[in-house]
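Coordinates in review
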Amino acid sequence: MKIMSQVKTARRIVRDLLRSRRNRNLLAERLADETPPAPGTIEIAVYFADTRVNLYQIRQWYAPLAELAREHPVAIISRSPGTMMTLLDEAPVPVVYLRKVTDLERFVAEQPLRIVFYVNQNTKNFQMFRYGRMWHVFINHGESDKMYMTTNQYKAYDFAFVAGQAAKDRLARKLWDYDLEKKVLEIGRPQADHFAGETPYPADDRTVVLYAPTWEGDRPAAAYGSIASHGEALVDALLATGRHRVIYRPHPRSGVVSRAYGAANRRIVAALERANAADPSAHHVHDTGAALGWQLAAADVAITDISAMVYDRLATGKPLIIARPASPEAEIDDSGYLSDCEWLHAEQSASVVPLVDRVLTSTEAHEKLTHWVQTYFGDTAPGAATARFHAAVDALYAEWNRVAAIHAHDPITSESNPFDDEDDEDEAPSGD
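Let us look at the structure shown here. (Residues numbered from 1 in each chain as written. Predicted model: local features only at pLDDT ≥ 70, side-chain atom pairs only at ≥ 80, totals over all residues. Heavy atoms only, no water.)

Quick look at the overall build of the protein now. Each helix and strand counted, the protein has 15 helices and 13 strands in total. Its C-alpha radius of gyration of 23 Å places the protein within 12% of the 22 Å reference for a compact globule of 432 residues. Projected onto its principal axes, the C-alpha coordinates of the protein cover approximately 70 × 55 × 40 Å. Every one of the 432 residues in the protein was classed for burial, and the buried ones make up 52%. As presented, the protein carries roughly 19,700 Å² of accessible surface, and 52% of it is formed by carbon and sulfur atoms. Side-chain charges of the protein comprise 47 positive and 59 negative groups, with the mean position of each set lying 6 Å from the other. (Helix = DSSP H or I, 4+ residues; strand = E, 2+ residues; numbered from the N terminus. Rg over C-alpha atoms; globule rule 2.2 N^0.38 Å. Buried < 20%, exposed > 50% of the residue type's maximum accessible area, 1.4 Å probe, protein only. Areas by Shrake-Rupley, 256 points an atom, 1.4 Å probe, with all protein chains shown as cover. Lys, Arg positive; Asp, Glu negative; His and termini not counted. Charge placed at Lys NZ, Arg CZ, Asp CG, Glu CD.)

Next comes the structure, spelled out in structure tokens:
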């Protein structure tokens, strides 16, 4: 058994190496036709050291970054060849490929960086933290009450941008001796100012329900995924009514850890296909697209797991239901919105339709939702979050100028580490 495990591990390593080499060769050809940002032009960088499996984390920032780039030059740093290929195709701002730490050092030396943004907690972020004459800012890839949102890793960053008061309260409860007033800036959810896109179905009188579950998680405390426990029953119930349209948007990592979870995901997709074949006017959607926004705006009701999707939807101010984790080991922060949300327990999944109807029509449910929207995001009027995002960036620019003046005569010394020049590998990293 041990020998078989070692053989499988060796095969995976060889496969990853071959894939990485192939991606590097393809990328080299592509980069030959690309013009990188000129030295002295980039003031804000978004550091993304992950592989393609976690591209959803930076895609959420595309539209806000494109708008920010109108005021401050922005570029995305990629460390993975496969990721870089995709970013070249779809990112709205310049992308630079810095495979080795020496490449990173050269970029830092050439560019007048003021701010570096981070959308996740990839371990390679630590390689960028080495450089001190810039602000390192955690902007995350969403707002949620998952334990990921209060990790002590926040202290590694100079500053953090959060959605609102609820996030500050969460950090205050969890982080010891953390200067919230200095380190944390509230910006709302600027992505919500860009929720748009064409719906892939005609307008009609069907009630549209978005079911957007997260993946199964890589440890019991983070087992928030509902596909295997809730998903099949709730989707079957909605498909059976003839008056609902389902938009099914599973997390891209669904089934990475659990085969059973992946199998349940496939059965839901098959059920949608059968329903569309039986009634072509139903237009149920299995959504795997890169764009996130139209789904949240178009759905009359959303059903999500404990994930950033809860708060992406909350930012729209429209009704939502949360699938309560079936695992008793899943950690639930019930001090905020989750203490007062509309829960769907696994055993209730087959009876989801009355709950969908209630959150649409209940005055009490609407008033409760409005309260939590304001707590988590503050002003959600169109453009308000974008204005706060830009104001936070401007505040950090001003602080950079103040501190830079104090250190203007400091000698510039090397910040390199000669033992930390590792190559990237296109393998799935740990992620949220």
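Attention shifts here to the side chain of His 141. In this structure, His 141 sits in the loop between β5 (135-138) and β6 (159-162). In terms of polar contacts, His 141 uses its side chain to reach the backbone carbonyl oxygen of Val 119, at 2.9 Å. Here the side chain of His 141 touches Asn 140 through a polar contact of 3.3 Å, side chain to side chain. (Polar contact = N/O pair within 3.5 Å; in protein donor to acceptor, adjacent residues only side chain to side chain.)

The sheet built from seven strands is open, its strands ordered β3-β2-β1-β4-β5-β6-β7 with parallel pairing. Strands at the two margins of the open sheet, each flanked by one partner only, are β3 (95-97) and β7 (184-186). Shown here is a sheet whose adjacent strand axes are inclined to one another by a mean of 25°, direction ignored. As defined by bridge partners, strand β2 (residues 74-78) adjoins β3 across three bridges and the pair is classed as parallel. Its bridge partner being in β3, Ile 77 is matched across the sheet by Val 96. In the packing of helix α4 (residues 81-90) onto the sheet, the strands contacted are β1 (44-48), β2 and β3, and the crossing angle to β3 comes to about 160°. Running over the sheet, helix α15 (residues 384-406) touches β1, β4 (115-118), β5, β6 and β7 and is turned about 170° from β6. (Pairing = 2+ DSSP bridges. Axes fitted to C-alpha atoms, helices over the stretch in contact; angles between N-to-C directions. Contact = heavy atoms within 4.5 Å.)

Here we come to the pattern of salt bridges. Considering all chains together, one arrives at 19 salt bridges under this definition. In this structure, the salt-bridge partner of Arg 30 is Glu 34, at a minimum N-O distance of 3.4 Å. With relative accessibility at 33%, the residue Glu 34 sits in the partly exposed group. One salt bridge in this structure joins Asp 279 and Arg 206, with 3.0 Å as the shortest N-O distance. With a gap of 73 residues between them, Asp 279 in the loop between α10 (259-278) and β10 (285-286) and Arg 206 in the loop between β7 and β8 (207-212) connect regions that are remote in the sequence. Note on Asp 279: relative accessible area 29%, which makes it partly exposed. Classification of Arg 206 by relative accessible area gives buried; the value is 11%. (Salt bridge = Lys/Arg side-chain N within 4 Å of Asp/Glu carboxyl O.)

To continue, consider the packing of helix α9 (residues 227-241) against helix α13 (residues 352-361). In contact at an axis separation of 9 Å, α9 and α13 are set at 75° when each is read in the N-to-C sense. What the angle tells us is that α9 and α13 run roughly perpendicular. Contacts between α9 and α13 involve Leu 234, Ala 237, Leu 238 and Thr 241 on the former and, on the latter, Val 352, Val 353 and Val 356. (Parallel < 35°, antiparallel > 145°, perpendicular 65-115°, else oblique.)

In contact at an axis separation of 9 Å, α9 and α10 are set at 10° when each is read in the N-to-C sense. It follows that α9 is roughly parallel to α10 by the angle criterion. The segment α9 lies against α10, with Ile 227, Ala 228, Gly 231, Glu 232, Val 235, Asp 236 and Leu 239 engaging Tyr 261, Ala 264, Asn 265, Arg 267, Ile 268, Ala 271, Leu 272 and Ala 275. When the residues that make up the contact of α9 with α10 are grouped by side-chain class, the tally is ten nonpolar, two polar and three charged. (Nonpolar A, V, L, I, M, F, W, Y, C, P; charged D, E, K, R; others polar.)

The subject of this paragraph is the side chain of Asn 265. Mapped onto the fold, Asn 265 is located in helix α10. A relative accessible area of 14% places Asn 265 in the buried class. For Asn 265, the residues in contact, after removing those within four places along its chain, are Ile 227, Tyr 248, Pro 250 and Ser 254.

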